[in-house]
Amino acid sequence: MKTKHEQILAFIESLPVGEKLSVRLIAKELNVSEGTAYRAIKEADNLGLVSTIERVGTVRIESKNSENIENLTYEEIVKIIDGEVHGGFQGLKKTLAKFVIGAMTEEAMLRYISEESLMIIGNRDKAQELSLLQGAAVLITGGFKPSENVVQLANQKELPLISTSYDTFTVGTMINRAMTDQLIKKEILRVQNIYTPIERTQYLEKENTVYTYRMLNQKSTHSRFPVVLPDMRLTGIVTAKDVVGQDDSVQIEKVMTRNPAYAKKNMSVASIAHTMIWDGLEVMPVVADDMTLVGVISRQDIMKAMQSVQKQPQSGDTIADQINQMIKESDDESYIFQVTPQSTDSMGTISFGVLSEVITESVYNYLSQLKKKNLVVEQMNLHYFNMIHLGNSLTIKPVVFDENRRSARLDVHVYSEKVLAAKALVVCQLIQKK
């Protein structure tokens, strides 16, 4: 028999896409408390069954999939521009491929309108209708509202009809920035891209015994397993050293390591590598927000991913990418950086953050090219001696003074116009390239 929580989730899933719902409505419809209804709606939100949109409320949406997560949706556009949705709620999870500014005649618009596009337009009813008929969503700028006919057409076509108080230029700039950010996000490798899902994960329950561990160890050849409660929430991790010398009848709960380090699917692989490689962890559980085990990630997976990601083409430049492109390699294992207006602060001197990034990128280039290493910067102590002004040419000289298999420490001297202007002590984690 299903629990009340499961019944509510099943009810929500049965609702048509675009249907509005609320805690009070669920509580009344299924004869449950508002607290139970609230928790179920929250879970439905986590599962991607519903979404709460400002000035609209909670709406049943199409289930999330990995493709949509990787792309910009109309729902995200609404949040970015502080918009209001008037119709076409069923299409909010659809992916935005491009946007077009409709500052032209209706006949001229036809050549630019395409499916999965967003037409940005003012208070022109005919142009709005034309866009919807051609398969494009509509964003009305300037605070204007759509007519009832346009709303009905948007609902019929299941295409979002959105309005915003911003002007067309501002909206175009905001959406363009969001699309660029999304391209950069795609390049950031996350745990969800490489982890082993729960269907292929071996785990133990806290009531299991050391004998169960040994049988699972022989079957899988693995030596580390997450330990879960009856509701699948993570409670510990057990390794070979935990069971050495223990009797077969001893419960796993008594030998496991409690409160283990864990990862979440939206975390970057680099941040997890920081913990796993530095602390010598071979396996880390992956959990949902409520600590439910959803899989595991291994140190081997991370090292392979971090090495392969360097070979991927760039789709969008981060600030670090832009700074790295401005750094030129010199013949004597040093690096040159020219201080541009964009890299200065209000005083006309180099921004402290930019200087830190210049040093970081120079260290990365030095170790990556000369020492054949990948790295993660662990710590930096930066001392600023002399002002570095706009137009100055910097020479950055990294020198390794201590190195082992897992880490390296470097002295970095920064010269401005041949005068020592800054020094930094940088500590890095190292990952050997294969």
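Rules used in this analysis
Numbers given to residues run from 1 along each chain, matching the order in which its sequence is written. Owing to the predicted nature of the model, reporting of local features is limited to residues with pLDDT of at least 70; listing and counting of side-chain atom pairs is limited to 80 or more, with chain, interface and lining totals taken over all residues. To obtain the side-chain values, all non-hydrogen atoms of the structure were included, while hydrogens and water were left out. Secondary structure is summarised from DSSP: a helix means a run of H or I of at least four residues, a strand means a run of E of at least two, and numbering begins at the N terminus for each. Note on classification: 1.4 Å probe, protein chains only; a residue is buried when its accessible area is under 20% of the maximum for its type, exposed when over 50%, partly exposed between these limits. Every residue pair with non-hydrogen atoms within 4.5 Å of one another is taken to be in contact. Calculation of accessible area relied on Shrake-Rupley with a 1.4 Å probe; when residues are assessed, cover is drawn exclusively from the protein chains displayed. Note: two strands are recorded as paired if DSSP finds a minimum of 2 bridges between them. Each axis is a line fitted through C-alpha atoms, taken for helices only over the stretch in contact, and angles between the N-to-C directions span 0 to 180 degrees. Centre distance within 6.5 Å is the pairing criterion for rings of Phe, Tyr and Trp, where only the six-membered ring of Trp is used; planes under 30 degrees apart are then read as stacked, over 60 as edge-to-face, and the remainder as tilted. Definition used for salt bridges: Asp or Glu carboxyl oxygen within 4 Å of a side-chain nitrogen of Lys or Arg. When describing relative orientation, an angle under 35 degrees is termed roughly parallel and one over 145 degrees roughly antiparallel, while 65 to 115 degrees is termed roughly perpendicular and anything else oblique. If you view the pair so one helix is near and one far, a crossing is left-handed when the near helix is turned anticlockwise from the far one by less than a right angle, and right-handed when it is turned clockwise. By the convention adopted, Pro, Cys, Tyr, Trp, Phe, Met, Ile, Leu, Val and Ala count as nonpolar, Lys, Arg, Asp and Glu as charged, and the other residues, Gly among them, as polar. For a crossover, the right-handed case is the one in which the path from the first strand over the helix to the second runs clockwise, viewed with the strands pointing away from the viewer. Within 3.5 Å is the distance limit for a polar contact, defined as a pair of N or O atoms, with the added protein rule that one can donate a hydrogen and the other accept it, and that residues adjacent in sequence qualify only through two side-chain atoms.

> Lay out the overall build of the protein in plain terms, naming residues and giving numbers.
Across its full length, the protein holds 17 helices and 22 strands. The buried share of the protein, taken over its 434 residues, is 42%. Long-range contacts, defined here as pairs at least 24 residues apart, represent 55% of the contacts in the protein between residues at least 6 apart. Accessible surface for the protein amounts to roughly 22,900 Å². Of this, 49% is attributable to carbon and sulfur atoms.

> Give a detailed account of the sheet that holds strand β14 (residues 263-264), specifying residues and quantitative values.
Sheet architecture is open: four strands sit in the order β9-β16-β15-β14, paired in mixed fashion. Two strands bound the open sheet, and with one partner strand each, they are β9 (196-197) and β14. Relative to strand β16 (residues 293-298), strand β15 (residues 283-287) is paired through five bridges, and the arrangement is antiparallel. Following the sheet pairing, V286 is matched in β16 by G295.

> I'd love a proper account of the sheet that holds strand β10 (residues 204-205), names of residues and values included.
Across the sheet, which stays open at both edges, the four strands sit in the order β10-β11-β12-β13 with mixed pairing between neighbours. Among the strands making up the open sheet, the edge pair consists of β10 and β13 (257-258). As paired elements, strand β11 (residues 225-228) and strand β12 (residues 234-238) share four bridges and run antiparallel to each other. Considered in β12, the bridge of V227 is made with G236. Lying on the sheet, helix α11 (residues 210-220) is in contact with β10, β11 and β12; it crosses β11 at an angle near 140°.

> Please set out the packing of aromatic side chains residue by residue, giving values where relevant.
Taken as a whole and judged by the stated rule, the model has two aromatic pairs. A centroid spacing of 5.5 Å and a plane angle of 75° characterise the contact between Y213 and F225, whose relative ring orientation is edge-to-face. A residue pair is termed long-range when its members are at least 10 positions apart, and Y213 in helix α11 and F225 in strand β11 qualify at twelve residues. In terms of burial, Y213 and F225 fall into one category: buried. Between the aromatic rings of F352 and Y384, the centroid separation amounts to 6.4 Å while the plane-to-plane angle is 40°, which identifies the pairing as tilted. Of this pair, F352 sits in helix α17 (residues 352-370) while Y384 sits in strand β19 (residues 373-384); the two residues are 32 residues apart in sequence, bridging distant segments of the chain. Residue F352 is classed as partly exposed on the basis of its relative accessible area of 44%.

> Explain the pattern of salt bridges to me, using residue names and the numbers behind them.
Summed over the entire model, instances satisfying the criterion amount to nine salt bridges. Of the charged contacts in the structure, one is a salt bridge between R214 and D248, with a shortest N-O distance of 2.3 Å. Separated by 34 residues along the polypeptide, R214 in helix α11 and D248 in the loop between α12 (240-243) and α13 (252-255) bring together distant segments of the chain. Between E253 and R258 there is a salt bridge, with its nearest N and O atoms 4.0 Å apart. Residue class for E253 comes out partly exposed when judged on its relative accessible area of 24%. Connected through salt bridges with shared partners, the residues K206, E253 and R258 form a single ionic network.

> Any details on the packing of helix α1 (residues 4-14) against helix α2 (residues 23-30)? Residues and values, ideally.
Where α1 contacts α2, the axes come no closer than 11 Å and their chain directions differ by 110°. Of the possible angle classes, the one that applies to α1 and α2 is roughly perpendicular. The hand of the α1/α2 crossing is right-handed. In this structure, α1 contributes Q7, I8, F11 and I12 to the contact, and α2 contributes I26, E29 and L30. Class assignment for the residues of the contact of α1 with α2 results in five nonpolar, one polar and one charged.

> Explain the packing of helix α7 (residues 125-133) against helix α8 (residues 148-157) to me, and be specific about the residues and the numbers.
Remark: α7 packs on α8, axes separated minimally by 10 Å, with the N-to-C direction vectors making an angle of 5°. For the element pair α7 / α8, the angle class is roughly parallel. On the side of α7, the interface is formed by D125, Q128, E129, L132 and L133, while α8 contributes N149, V150, L153, A154 and K157. The residue inventory of the contact of α7 with α8, partitioned by class, reads five nonpolar, two polar and three charged.

> How would you explain the pairing of strand β7 (residues 137-140) if you had to name every residue and give the values?
Alternating residues of β7 divide into A137 and L139 and V138 and I140, and every residue in both groups is buried. Pairing geometry for strand β6 (residues 117-121) and β7, over four bridges, is parallel. Pairing of I120 across the sheet is with L139, part of β7. A crossover connection joins β7 to the parallel strand β8 (residues 161-163) through α8; in handedness this β-α-β unit is right-handed.

> An account of the side chain of T164 is needed here, citing residue identities and associated values.
Locating T164 in the fold gives a position in the loop between β8 and α9 (168-187). At a separation of 3.1 Å, a polar atom in the side chain of T164 contacts the main-chain carbonyl oxygen of I81. At a separation of 3.3 Å, a polar atom in the side chain of T164 contacts the main-chain amide nitrogen of Y166. Excluding residues that lie within four positions of it along the chain, T164 makes contacts with I81, D82, G83, L139, I140, T141, G142, G143 and V171.

> Describe unusual backbone geometry, naming the residues involved and giving the relevant values.
Its identity is not glycine, yet E158 carries a phi of approximately 55°, on the positive side. Summarising the element assignment, E158 is placed in the loop between α8 and β8. According to the relative accessible area criterion, E158 is partly exposed, its value standing at 36%. For K418, which is not glycine, the phi torsion reads 70° and is therefore positive. For K418, the location among the structural elements is in the loop between β21 (407-416) and β22 (419-432).

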